[in-house]
Amino acid sequence: MRFESIAIGDELLDGRVVDGNSGTLARALRERGHLLSRTTIVLDDEPTIVAALREASDRGTTHIVVSGGLGPTEDDLTRQAAAAWLGVALAFDDASMTTIEGRFALAGMAITDNNRRQAWFPEGARILPNDVGTAPAFSAMLGAMQAWFLPGVPSEYLFFLENHLLPTLTKDDRQLRTVRLKFYGMTESKVAAIVASN
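Residues numbered from 1 in each chain as written. Predicted model: local features only at pLDDT ≥ 70, side-chain atom pairs only at ≥ 80, totals over all residues. Heavy atoms only, no water.

The N-to-C vectors of helix α2 (residues 21-31) and helix α6 (residues 154-165) enclose an angle of 25°; their axes lie 10 Å apart at closest approach. In terms of their interaxial angle, α2 and α6 are classed as roughly parallel. The two elements α2 and α6 cross, and the hand of that crossing is right-handed. Contacts between α2 and α6 involve N21, T24, L25 and A28 from the former and P154, Y157, L158 and L161 from the latter. When grouped by side-chain class, the residues that make up the contact of α2 with α6 number six nonpolar, two polar and no charged. (Axes fitted to C-alpha atoms, helices over the stretch in contact; angles between N-to-C directions. Helix = DSSP H or I, 4+ residues; strand = E, 2+ residues; numbered from the N terminus. Parallel < 35°, antiparallel > 145°, perpendicular 65-115°, else oblique. Left-handed = near helix turned anticlockwise from the far one by under 90°. Contact = heavy atoms within 4.5 Å. Nonpolar A, V, L, I, M, F, W, Y, C, P; charged D, E, K, R; others polar.)

Here is the structure:
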């Protein structure tokens, strides 16, 4: 299996926010004997997101995990990009909208019209309810590639990772172990030469 991540958001590229979700994914995969082979960070731009998804497909990626762009604002374009990449239209899901309305009501908050954006999904996608936020996630297949589209909020990302994505993976029998050695009084080049000679 080959895993990649795509993190979406202008704020990840202008220094406002650091992408921690890819690191969370990498650690979780490593614990199960898998490695994350690549992380890509892209702007909130539909053609750019579609291109990143297509490039991952072209590299033979079997699992792609996308984070961000599932919110209610105009710059949240992941749904549209996913639909374009899959070659399908967007479809409105009444059940998801009902759940979103319920979460707002429970919090005593007024819902706005733009929250309806969070109930649109690529046709045929598997919708994943969000128990810790308002934005549902979704997953889809394109050929042999499994794609997961998760919110960028770290707590929500972790929720979907632990409850939806990781349970679908088989644990690799290979043991991935890290050995940490500490050296004092030697340069990096000297240590590298010692390691290479053994």
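Right, picking up where we left off after that structure.
Turning next to the sheet that holds strand β2 (residues 36-42). Strand order across the open sheet formed by six strands is β2-β1-β3-β8-β7-β6, with mixed pairing between neighbours. Across the chains shown, the open sheet's two edge strands, defined by having one partner strand only, are β2 and β6 (126-128). On average, adjacent strands in this sheet sit at an angle of 20° to one another, irrespective of strand direction. Pairing of strand β3 (residues 63-67) with strand β8 (residues 145-150) involves five bridges; the strand directions are parallel. Paired with I64 across the two strands is A147, which belongs to β8. With respect to the sheet, α2 is in contact with β1 (3-8), β2 and β3, its orientation differing from that of β2 by roughly 170°. Along the sheet, helix α4 (residues 78-86) makes contact with β1, β3, β7 (137-142) and β8, crossing β7 at roughly 15°. (Pairing = 2+ DSSP bridges.)

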